[in-house]
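# A look at the structure
Residue strings, one per chain:
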Amino acid sequence: MDTVSIGVSPGMQAVASGSLNIMHNTCNAVISFIEMGGGGVHLSLVSMGIHPGVVVGQKGLKSAAELKGKMVGTSSIKSGSTILLRRLLKARGLEPSAYDVRRGAGQRADLQRTAGRRARCGLAGAAAVAHRHDRGLSRDRHLQGGGRRNSRSCCFATNDAWVKSNTAAAQGFAKAWLAGVAWLYDPRNPRGGREAAADELKLTPEIAAATYDALIVKSADTYPRDGRVDLDVLRAMIDIMVEGEELPARPQGDIGRYLDDTMLGGGK
C-alpha cells in the first residue's frame, strides 16, 4: 500500500472523495466531520483505545502554580486533549483564566515551541516526548485521559464506496493490523517490540524499552485486540467534544451511525 502524511481536515476530505481509501486519525475527528455535514466516511477500526500523554514543560518548571500568567501550548484549542489538560491544571489549583493557551501545529510544533521557550508547558504523546527527551524538556506526570474513557482514541476512517467494492482488501487490512497488535502483546516478543520502537522512532534502547513497557506491558488497553468500538467510550468522547465546543451540542440519535464494522466482518 502507499502511505501519505496529511492534515486532519484535508485528510477527511480526501477519504470522503475517495482520494484516500483509509486514514488513521483521532476518532473525534471522524465524528466532527460527519456532524459538520460530511459524508461517505465511517469509523471502521479502533487502533488505540487509550492515548497516553504527558504534560511537558521547560526544564526547571516545578509546579502548575508557576504557569500563572504564562503560555501553555496545545495542538488545538477545541480538542479533547486540551480539555484534559485544563482539567489536570485545575486539579492542581490553576484555573483556566490564569494562563494563556496557544494553538500550535501538532505535537512536534508543541514540543519545539516548549523547548524554544515560547511556551512553558504543553500536552503531547508519550512517544513524541521520548523522541525529544534531551531537547530541554521535562515530564510533569503521566496522563491517561480518564482511562478507557479517552477523548483521544485513534481509529481508521474509511471511504464507504471503497469498503463496499473492495471488502476483501479492507478486511485483509484489518486482519493484518490486528495480527500486528497481537504480536506486540505476545509475551514471547518483548525484545522485538522494543527493538521495533527503537528503530521506527529513532530512540535509544533505554528510552524505547521504557516506551514499550508503558504502552504495552503496563497497559492492556492501549491497542484493542479486536479493533471494535466501545460505545460507552464513544459516548464519553462525545461529551468531551461538547465540553470543548468541538461540537455545539450533543448529537441526537443512534451513535452507531458513525460506525461501519465491515472491515471486522460485520456491516453498517
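The model shown is predicted, which means the values in this text are computed figures rather than measured ones.

In total, this model carries 8 salt bridges according to the counting rule given. For arginine 87, the salt bridge is made with glutamate 243, and the minimal N-O distance between the two is 2.5 Å. In this pair, arginine 87 sits in helix α3 (residues 80-91) while glutamate 243 sits in helix α10 (residues 231-243), placing the two residues 156 residues apart along the sequence. Residue classification places arginine 87 among the partly exposed positions, given a relative accessible area of 40%. For glutamate 243, a relative accessible area of 44% translates into the label partly exposed.

What you see with strand β4 (residues 71-74) is no split at all: Met71 and Gly73 on one side and Val72 and Thr74 on the other are buried throughout. Sheet topology note: the β4/strand β5 (residues 100-103) ladder contains 4 bridges and is parallel. Counterpart to glycine 73 in the pairing with β5 is arginine 102.

Below, the discussion takes up unusual backbone geometry. Here lysine 202, not a glycine, exhibits a phi torsion of approximately 60°, which is positive. For lysine 202, the location among the structural elements is in the loop between α8 (190-201) and α9 (205-217). Judged by its relative accessible area of 62%, lysine 202 is exposed.

Another aspect to go through is the nonpolar core. If you look at the biggest cluster of nonpolar residues, it comprises 23 residues, and the most contacted ones within it are Met12, Val30, Ile31, Val41, Leu43, Leu234 and Tyr258. Counting only elements with at least two residues in this core, the list comes to α1 (8-17), α2 (27-35), β2 (41-48), β8 (154-159) and α10. Per-element tally for this core: the top contributor is α2, with 5 residues. If we skip the residues at most four places from it in the chain, leucine 234 touches Ile31, Val229, Ile255, Tyr258 and Leu259. By size, the runner-up hydrophobic cluster in this structure holds 11 residues, among which are Val55, Ala64, Leu85 and Val101.

Moving on, we come to the confidence of the model for the protein chain. Chain-level pLDDT for the protein chain is 80 on average; 78% of the residues reach the 70-or-more range. Within the protein chain, the lowest mean pLDDT, 35, falls on strand β7 (residues 137-143), and the highest, 98, falls on helix α6 (residues 160-165). In this model residues 126-151 is a low-confidence stretch, pLDDT under 50, and it forms 81 contacts with partners more than four residues away in sequence or in other chains.

Attention now goes to the packing of α1 against α2. Relative to each other, α1 and α2 sit at 65°, their axes nearing to 11 Å. Handedness of the crossing formed by α1 with α2: right-handed. Packed against α1, whose contacting residues are Val8, Met12, Gln13 and Ala16, the element α2 presents Ala29, Val30 and Phe33 at the interface.

Moving on to the environment of threonine 167. Note on placement: threonine 167 falls in helix α7 (residues 167-185). The class for threonine 167 is partly exposed, based on a relative accessible area of 25%. In sequence terms threonine 167 and threonine 262 are 95 residues apart; their C-alpha atoms lie 7.3 Å from each other. Ignoring any residue separated from it by four or fewer positions in sequence, one finds threonine 167 in contact with Trp162 and Thr262.

Put simply, α2 and α10 touch, their axes get as near as 11 Å, and they point 70° apart. With respect to each other, α2 and α10 are oriented roughly perpendicular. Crossing handedness for the pair α2 and α10: right-handed. Contacts from Cys27, Asn28, Ile31 and Ser32 of α2 reach α10 at Leu234, Met237, Ile238 and Met241. Among the residues forming the contact of α2 with α10, the class breakdown is 6 nonpolar, 2 polar and no charged.

Procedures and definitions
Residues numbered from 1 in each chain as written. Predicted model: local features only at pLDDT ≥ 70, side-chain atom pairs only at ≥ 80, totals over all residues. Heavy atoms only, no water. Salt bridge = Lys/Arg side-chain N within 4 Å of Asp/Glu carboxyl O. Helix = DSSP H or I, 4+ residues; strand = E, 2+ residues; numbered from the N terminus. Buried < 20%, exposed > 50% of the residue type's maximum accessible area, 1.4 Å probe, protein only. Pairing = 2+ DSSP bridges. Core = buried A, V, L, I, M, F, W, Y, C linked by side-chain atoms within 4.5 Å. Contact = heavy atoms within 4.5 Å. pLDDT = per-residue confidence, 0-100. Axes fitted to C-alpha atoms, helices over the stretch in contact; angles between N-to-C directions. Left-handed = near helix turned anticlockwise from the far one by under 90°. Parallel < 35°, antiparallel > 145°, perpendicular 65-115°, else oblique. Nonpolar A, V, L, I, M, F, W, Y, C, P; charged D, E, K, R; others polar.

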